[in-house]
Amino acid sequence: MRGLAATTFVLLCAVTASATPIALPSNEGVYIQFNNLEEVSATSSLVIPGGYTAGGIGLPAGLTPSSTQNYWGVFNVSSLQHGTPVGPPHTDIASGLTFFVDDGPGGLNGMITGIFYGIQRTSATTATSGYIDLWWHDAGADTTLGSTPGAEGSCLAGTSATCAPDATGVANFTTANGGIFLARLDYASGVSLGNSMTFIASSCDPTTISGGPCQADSYANVDLSTLALASAPWAAQLNGDWFNTSFGARDARFSAVFFLNSGGQWNLRSNDPGRVFTATETLVTPEPSTLTLLGAGLAVWGARRRARRKQTV
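Residues numbered from 1 in each chain as written. Predicted model: local features only at pLDDT ≥ 70, side-chain atom pairs only at ≥ 80, totals over all residues. Heavy atoms only, no water.

Chemist: Explain the confidence of the model for the chain here, please?
Modeler: Taken as a whole, the chain shows an average pLDDT of 84; of its residues, 79% reach a score of 70 or greater. In this model, residues 1-18 is a region of pLDDT below 50 whose contacts with residues beyond four sequence positions or in other chains number zero contacts. Within the model, the stretch residues 282-294 combines pLDDT values under 50 with one contact to residues more than four positions away or in other chains. (pLDDT = per-residue confidence, 0-100. Contact = heavy atoms within 4.5 Å.)

Chemist: Sorry, what's going on with the pattern of salt bridges here?
Modeler: For side chains bearing opposite charge, pairing can occur when the charged atoms are close. Applying the stated criterion to the full structure yields four salt bridges. Here Asp205 ties to Arg121 by a salt bridge, and the two come within 3.0 Å at their closest N and O atoms. Taken together, the residues span a long stretch of sequence, with Asp205 in the loop between strand S9 (200-202) and strand S10 (214-222) and Arg121 in strand S5 (residues 111-121) at a distance of 84 residues. For Arg121, a relative accessible area of 22% corresponds to the partly exposed category. For the salt bridge of Asp133 with Arg184, the shortest nitrogen-to-oxygen distance reads 2.7 Å. (Salt bridge = Lys/Arg side-chain N within 4 Å of Asp/Glu carboxyl O. Helix = DSSP H or I, 4+ residues; strand = E, 2+ residues; numbered from the N terminus. Buried < 20%, exposed > 50% of the residue type's maximum accessible area, 1.4 Å probe, protein only.)

Chemist: Could you clarify how one ought to interpret the side chain of His137 in this entry?
Modeler: Within the fold, His137 resides in strand S7 (residues 131-137). His137 sits in the buried class, given a relative accessible area of 0%. Polar contacts involving the side chain of His137 include one to the side chain of Thr113, which spans 2.8 Å. A distance of 3.3 Å separates a polar atom in the side chain of His137 from the backbone oxygen of Ala176. Excluding its chain neighbours within four sequence positions, the residues that come into contact with His137 are Gly110, Met111, Thr113, Asp142, Asn172, Phe173, Thr174, Ala176 and Gly179. (Polar contact = N/O pair within 3.5 Å; in protein donor to acceptor, adjacent residues only side chain to side chain.)

Structure representation (structure tokens):
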């Protein structure tokens, strides 16, 4: 029993020491409210400052920390809401009751942030490729976006030098203070009925915008291409395949309303509602060989315990 107690103590310590990202509800619509800051260029010349490497998860195939793109940016999730399907089946999800809100730096709820990158311009109003990495920060570790109370903090309000489009700014939205990787979404076709290479479509040219608002629409799929990605905390539930498009089912839908970031260090600001319909959680069933070994181990443990009892009689 002493060995079992020691093992239990170690396991409990491991559980309490590890961070726990907020769980998504299963088999349900979720409405995700983002606040974005973005860098744009008419030429594919932008490099993410600091050489983003996805914190040990690894960048998508074909990308390196020095890869160039037309668009990249960072975001903070201000709220998660229970969503209700609306319109024709499998087309859209409306917002509902809130079950998570970013209560500001140092709050009790933790923080969800991320980065989008690798987006390549195909015309003045269309783009292809691109990825979204989601990150979690525990309550108490969510102090990287400034000190102003509220969901945005001073960082997203554009008043803090710590939120510049630089290496520190990138880290604040990803790996800073023990950030935990949640999932990767790959932009996908579906927003344009006649073009399988259009992943994002805008109502105006983001590189020449003189004010706003404009809107950019897109779909995305959760990336399960590697073991690290497939085992990330949100990966399985985001893999809902709920949205119907002419090019197949998609896991997420985005509608970004963006503005010129007048006077700020970033080119654009946007308010970006995302929608997903989560997959049903499934229990992991052990392989038959695992069950056999477990049964054998329990049998041996039982036999040894009976033998010890006989010795004490």
